[in-house]
Amino acid sequence: MTTENFKPLPPDPAYTTRSDESVGIELQSEIDSDTSMLYEAWVVLRRRRYWVLIFLAVSIVASFVFAKFQAPEFDSTSAIRILESNSADISFGDSPASQLLGGNSETKIQTEMSVLKSRTLALRVAETLDLYHDETFSKIGKKEGPPGRSNPTSIYRILQAMSKAVRVSAIPHTDNILIAVRTHSPQLSEKIANTLVDEYVDRGYQVRFKSQETISVWLAKQLGDLRQQTEAAQSRALEYGKKLDLLNTTLVSTNTAGGGSSGAPESLATQRLLGLQQALTLAESDRLVKEAQYHVLETSDPNAIPQQNDPVLSGLLTARVNAMTQLQQYSLKYGPNYWRIKELKTAINQLNQQIDLDLVNARKKAASELAAVRESEGSLQKAVDSSKGAMQQHQTDLIQYTIAQRDFESSYALYQGLLQKLKEAGVLAGLHANDVEIIDRALVPIYKSAPNTSLYLVVGLGVGVVVGILLAFLVDSLDTSILDVDVLEQSTGVPSIGTIPKAKAGSSVTLNGTRPETELDTPTRRMMESYWALRTALLLSHAGSPPRTLAITSAVPSEGKTTTAINLAFTLAQGEDKVLLIECDLRRPTFATRLRVTGAGLTQYLAGIKPLSDCVRTLPEQKYLDVIPAGLTPPNPAQLLGSRQFRNLLAEMRTKYKFIILDSPPIASVSDVQIIAAEVDGVLLVVRSGSTSRHIVQRSCRMLRQTGARLLGCVLNGIDFRSDKYGYYGYSNYYARDTRGTEAEEETHDVSK
């Protein structure tokens, strides 16, 4: 088969498209998820930026103050080199004895570093420089007694100060060690660094001398023990040689390689043991035959006994059989009184007696023969066991002799080697040698090493940023208020149909629909844009049949529900549709002050005090918007709102107005909203950003759903568009790009006109 005419099949387009699309969707979802997480984190940081900035400033200031209050410190360094072991050492094989006793070359650098940082060396330096009385190095306590080696507290202070001041590090890729000492005095740093190196070198000489001396003492002790072992091994070899000489005098000079022997006693013992075993085998066979014969005689069946074993018994049995045969024949022909029959019976009885007597004698004879055979077998067994014991003892003595002889030879050879090493140790003990080279000695520093103000500021900056960010996320996670639309929709389970910007302090939050805004990017213009978007969302919420009666409520007071109701009524009236605004918050009415409407209101009408014409007000310059204020505060608002007059009022107003907006009280405070919600087409829940807890909002939604109310959506009020992720960032830029070319077009869509 050739590959010249081979053409690969084209891929399936449908399969390729599906695979590419699925991979693209998965990749895009992962990118969106990562982007969303990063953006959410960025939003949290921007929202809680003041926490981060405050903690960052506190951390930087604290770091700067801490650095300024630190006393200056000076570093002085010295360097040493660790050499390989010199020749002035006792060698055991390929390794010096000092390495066998104190480590190996791979860990030598780490071992020497630990020695430089040891407490023993630190105390020697303190004793040499009298650091116990140096107040710049270690503070002397007033109630600790006189400082010195006899005071445990003073020793503890010195060790703690030395551990803090001395730093030992290995220089990479070399055999060098760097010793750095940091104290508040440059002269003291130089003295401690040089004294530490000198004491370390001196300690090396002492350790070397003591190690050789220790090795000599150890060798002398080992030689004494080894001498005793050699003598004991020689004594055991002589003792076992004497025991073997009692059996065979040639065994002492016989070479017994591998623990075996071929002497004459061993051959005689083997032959004797084989003969006894053969005789024991024959005795066991004879015993088995005798036991079989005895068991046959014990069965009391004479016919089962072989005839060759007892001819007399066999003859008697034959005679009895013949007599019984004749008796049977005569009994058939004659009667029982026939004389021949009587004679045969008498003969048969006599034969039976003789047979029984012969059986008794045969059993006695068989029993005596069986006992004799058993006794003979037991004697032979004892002889065989005795011969085996003697044979085993002989082999054991021979093996012990061989072992003792080899122990003596090995102990003697080791004794000779250690004796030679002991002589060498005696010569090397007086030699001075060290494996440390001082490369650089410490100098008095002229510049301080600490504190490093820049480093403190960098650390403070890092700590401030990290802890500030963590604090921002912690504060944000503990905040249960609703901050954005996503949280609002997740908490309530209903869509958000509008977002209202946060009004500046001192500015009016109620729109004036009769005065057009000439400026393009102002807080009032943004507010108008938000309510126009809310109006559009309500009109498009149900295509062809938008809700005509709408109750505006909130979870708790001060959420902005009254402002939302008034401004929504203004924007609906700008579409030249008749709009009625009813103030149903009878407990805390505000229309009288905010819209400047006085006189009779909803309370007087529902109570039958005033007619409806006296309660409806038309606002100045708002011919499409009418208002019914709350009127007097009643003692029973829920009873009035649940009356038939209220339902009739809504039914009558439906015929006169296209939209009816009801400003309802907070649902979490009173039950009036549940009564109103049952009579309107829909309810709009207003939530203030960063103020209302999501738990209260969720509870309010549950209360509305329990009454069967139609919750159209939520309005998030008080959003800071300049800091929130749903901001109006591009608003001014959008209008600022070409104001001359687009101004006329935008004004045609201004519903306020």
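Thresholds applied
- Residues numbered from 1 in each chain as written.
- Predicted model: local features only at pLDDT ≥ 70, side-chain atom pairs only at ≥ 80, totals over all residues.
- Heavy atoms only, no water.
- Helix = DSSP H or I, 4+ residues; strand = E, 2+ residues; numbered from the N terminus.
- Buried < 20%, exposed > 50% of the residue type's maximum accessible area, 1.4 Å probe, protein only.
- Contact = heavy atoms within 4.5 Å.
- Areas by Shrake-Rupley, 256 points an atom, 1.4 Å probe, with all protein chains shown as cover.
- pLDDT = per-residue confidence, 0-100.
- Pairing = 2+ DSSP bridges.
- Right-handed = clockwise from strand over helix to strand, strands pointing away.
- Expected span 1.5 Å × (residues − 1).
- Axes fitted to C-alpha atoms, helices over the stretch in contact; angles between N-to-C directions.
- Parallel < 35°, antiparallel > 145°, perpendicular 65-115°, else oblique.
- Left-handed = near helix turned anticlockwise from the far one by under 90°.
- Nonpolar A, V, L, I, M, F, W, Y, C, P; charged D, E, K, R; others polar.
- Polar contact = N/O pair within 3.5 Å; in protein donor to acceptor, adjacent residues only side chain to side chain.
- Patch = residues over 30% accessible without salt bridge, like charges linked within 9 Å, V, L, I, M, F, W, Y side chains within 5 Å.
- Salt bridge = Lys/Arg side-chain N within 4 Å of Asp/Glu carboxyl O.
- Core = buried A, V, L, I, M, F, W, Y, C linked by side-chain atoms within 4.5 Å.

J.: I would appreciate a short explanation of the overall build of the protein in the present structure.
T.: Scanning the protein from N- to C-terminus turns up 23 helices and 14 strands. For the protein, the residues scored as buried account for 39% of the 753 residues in total. If you take every contact in the protein between residues at least 6 apart in sequence, the share linking residues at least 24 apart comes to 80%. Of the roughly 43,700 Å² of accessible surface on the protein, 56% is carried by carbon and sulfur atoms.

J.: Any chance you could explain the confidence of the model for the protein here in plain terms?
T.: Predicted coordinates in regions of low pLDDT should not be interpreted in detail. Across the protein, the average pLDDT comes to 75, with 74% of residues at or above 70. pLDDT under 50 marks residues 514–518. Its contacts with residues more than four places away, or in other chains, come to 8 contacts.

J.: In this structure, what is going on with the pairing of strand β14 (residues 711–719)? I would like to understand it.
T.: Looking along a regular strand, one sees the side chains alternate between the two faces of the sheet. The buried fraction of β14 amounts to 9 of the 9 residues, a majority that puts the element mostly inside the structure. As paired elements, strand β7 (residues 496–501) and β14 share 4 bridges and run parallel to each other. If you follow Thr499 over to β14, its bridge partner there is Leu716. Two elements, strand β13 (residues 682–688) and β14, share 6 bridges in a ladder whose sense is parallel. Note that in β14 the partner of Leu685 across the bridge is Cys714. A crossover links β13 with its parallel partner β14, the connecting element being helix α21 (residues 694–706), and its sense is right-handed.

J.: It is not clear to me how helix α13 (residues 523–539) should be interpreted in this structure. Could you clarify?
T.: Every α-helix carries 3.6 residues per turn, so stepping three or four residues along brings you back to the same face. With 17 residues, α13 extends 25 Å from end C-alpha to end C-alpha; this agrees with the ideal 24 Å at 1.5 Å per step. Taken together, the buried positions of α13 are occupied by Arg525, Met527, Met528, Glu529, Ser530, Tyr531, Trp532, Leu534, Arg535 and Leu538.

J.: How do you make sense of the packing of helix α12 (residues 485–492) against α21 when you look at a structure like this?
T.: Across the interface, α12 lies against α21 with an axial gap of 9 Å and an inter-helix angle of 45°. In terms of orientation, α12 and α21 fall into the oblique class. In this structure, the crossing between α12 and α21 has a hand that is right-handed. Residues Val487, Leu488, Ser491 and Thr492 of α12 form the contact with α21, whose participating residues are Arg694, Val697, Gln698, Cys701 and Arg705. The class makeup of the residues in the contact of α12 with α21 is 4 nonpolar, 3 polar and 2 charged.

J.: How do you make sense of helix α5 (residues 119–129) when you look at a structure like this?
T.: Three or more residues of α5 are buried, namely Leu121, Ala122, Leu123, Val125 and Ala126. N-capping of α5 is provided by Ser118, with a side-chain oxygen placed 3.4 Å from the backbone N of Leu121. One or two steps after α5, the chain reaches Asp130, where phi turns positive at roughly 55°.

J.: Please clarify how the environment of Pro629 should be interpreted in this entry.
T.: Checked against the element boundaries, Pro629 lands in the loop between β11 (625–628) and α18 (637–641). Judged by relative accessible area, which is 4%, Pro629 ranks as buried. It is 8.6 Å that separates the C-alpha atoms of Pro629 and Thr603, two residues lying 26 residues apart in sequence. With residues up to four places along the chain from it excluded, the contact list for Pro629 reads Glu583, Phe591, Val597, Ala600, Gly601, Leu602, Cys615 and Arg617.

J.: Looking at this structure, I do not really get a nonpolar patch on the surface. What am I missing?
T.: Together, Leu455, Val459, Leu461, Val463, Val465, Val466, Val467 and Leu470 give the surface a local cluster of nonpolar side chains, amounting to about 630 Å² of exposed area. Structurally, Val467 is set in helix α11 (residues 453–478). What makes Val467 partly exposed here is its relative accessible area of 31%.

J.: Is there a simple way to think about the nonpolar core in this case?
T.: Nonpolar side chains in soluble globular proteins tend to end up buried together. Core analysis: the biggest nonpolar cluster contains 43 residues, and Ile582, Leu602 and Leu662 have the highest contact counts within it. If sequence neighbours within four positions are ignored, Leu602 has contacts with Ile582, Glu583, Cys584, Leu586, Ile628, Pro629, Ala630, Gly631, Leu641, Phe646 and Leu649. Val115, Phe137, Leu159 and Ala442 belong to the second-largest nonpolar core, a separate cluster that totals 34 residues.

J.: How do you make sense of the sheet that holds strand β5 (residues 176–183) when you look at a structure like this?
T.: The pairing of strands in a sheet happens through backbone hydrogen bonds and is either parallel or antiparallel. The strand order β4-β5-β1-β6 describes an open sheet built from 4 strands, whose pairing is antiparallel. Of all strands in the sheet, those bounded by a partner on one side alone are β4 (166–170) and β6 (436–440). Strand-to-strand twist in this sheet, taken as the mean axis angle between neighbours without regard to direction, amounts to 25°. Direction of pairing for strand β1 (residues 74–82) relative to β5: antiparallel, over a ladder of 8 bridges. Of the residues in β5, the one forming a bridge with Ser76 is Val181.

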